[in-house]
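Close look at the chain arrangement
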Amino acid sequence: MQGITILGATGSIGASTLDVVARHPDRYRVYALSAHSRVEELAASCRQFRPQRAVVGSPEAAAQLAALVADLPISVEHGEQALCDIAASPDTDTVMAAIVG
């Protein structure tokens, strides 16, 4: 089973990627998701796909996301280095980079 990390999970490309993952649960598992500021949308995806890690753009967004997924075993992080860390994690087999810039 491939571990997928999606950078920009709340945008159109990220959402399409999650749709493919949902259609093939025997082939893919979501390791990590990220979004810059769409915290509520990211929280919904975290509830559905149960990633180990979630990354947002700011400490404020991280606090908001952590509160929304407090009942789930998800590590909530923020910032550029956190994005690099999830993309480079040994638990990630494939990275979908769907972020602007």
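Keep in mind that what you see is a predicted model, and the values were worked out from it rather than measured.

In spatial order, the strands read 4-3-2-1-5; together these 5 strands make up an open sheet with parallel pairing. Lying at the two open borders of the sheet, with one neighbouring strand each, are strand 4 (75-78) and strand 5 (94-97). Mean inter-strand twist for the sheet, computed between neighbouring axes without regard to direction, equals 25 degrees. Where strand 1 (residues 2-7) lies against strand 5, 4 bridges are found, and the strand directions are parallel. The partner of L7 across the bridge, within strand 5, is A97. In this fold helix 1 (residues 12-23) packs onto strand 1, strand 2 (28-34) and strand 5, with an angle of close to 160 degrees to the strand it touches most, strand 2. The sheet strands contacting helix 3 (residues 59-68) are strand 3 (53-56) and strand 4, and the helix crosses strand 4 at an angle near 165 degrees.

Turning next to helix 2 (residues 39-49). Looking only at helix 2, the buried set comprises V39, L42, A43, S45, C46 and F49. Across the axial projection of helix 2, the buried residues extend over an arc of 165 degrees, all falling on one side. Exposed residues pointing more than 90 degrees away from the buried face of helix 2 are listed as E40 and Q48. Residues of helix 2 that are buried in the fold lie against helix 1, strand 2, strand 3 and helix 3.

Further remarks concern the nonpolar core. Formed by 22 residues in total, the largest nonpolar core has its most connected members in L18, L33, L42, C46 and L65. Mapped onto this core, the elements with two or more residues apiece are strand 1, helix 1, strand 2, helix 2, strand 3 and helix 3. Among the elements that take part in this core, helix 2 stands out by supplying 5 residues, more than any other. For L42, the residues in contact, after removing those within four places along its chain, are A9, T10, L33, S34, A35, A54, V55, V56 and L65. Counting 6 residues, the second largest nonpolar core, distinct from the first, contains L7, A32, A82 and I86.

Next up on the list: the pairing of strand 3. Both faces of strand 3 are covered, namely the face carrying R53 and V55 and the face carrying A54 and V56. Relative to strand 3, strand 2 runs parallel, the two sharing 3 bridges. Its bridge partner lying in strand 3, L33 is registered against A54. On the question of chirality, the crossover connecting strand 2 to the parallel strand 3 by way of helix 2 is right-handed. For strand 3 and strand 4, the ladder comprises 4 bridges, and the chain directions are parallel. Pairing of R53 across the sheet is with S75, part of strand 4. A crossover links strand 3 with its parallel partner strand 4, the connecting element being helix 3, and its sense is right-handed.

Reading the values: the criteria
Residues numbered from 1 in each chain as written. Predicted model: local features only at pLDDT ≥ 70, side-chain atom pairs only at ≥ 80, totals over all residues. Heavy atoms only, no water. Pairing = 2+ DSSP bridges. Helix = DSSP H or I, 4+ residues; strand = E, 2+ residues; numbered from the N terminus. Axes fitted to C-alpha atoms, helices over the stretch in contact; angles between N-to-C directions. Contact = heavy atoms within 4.5 Å. Buried < 20%, exposed > 50% of the residue type's maximum accessible area, 1.4 Å probe, protein only. Arc of directions from axis to C-beta. Core = buried A, V, L, I, M, F, W, Y, C linked by side-chain atoms within 4.5 Å. Right-handed = clockwise from strand over helix to strand, strands pointing away.

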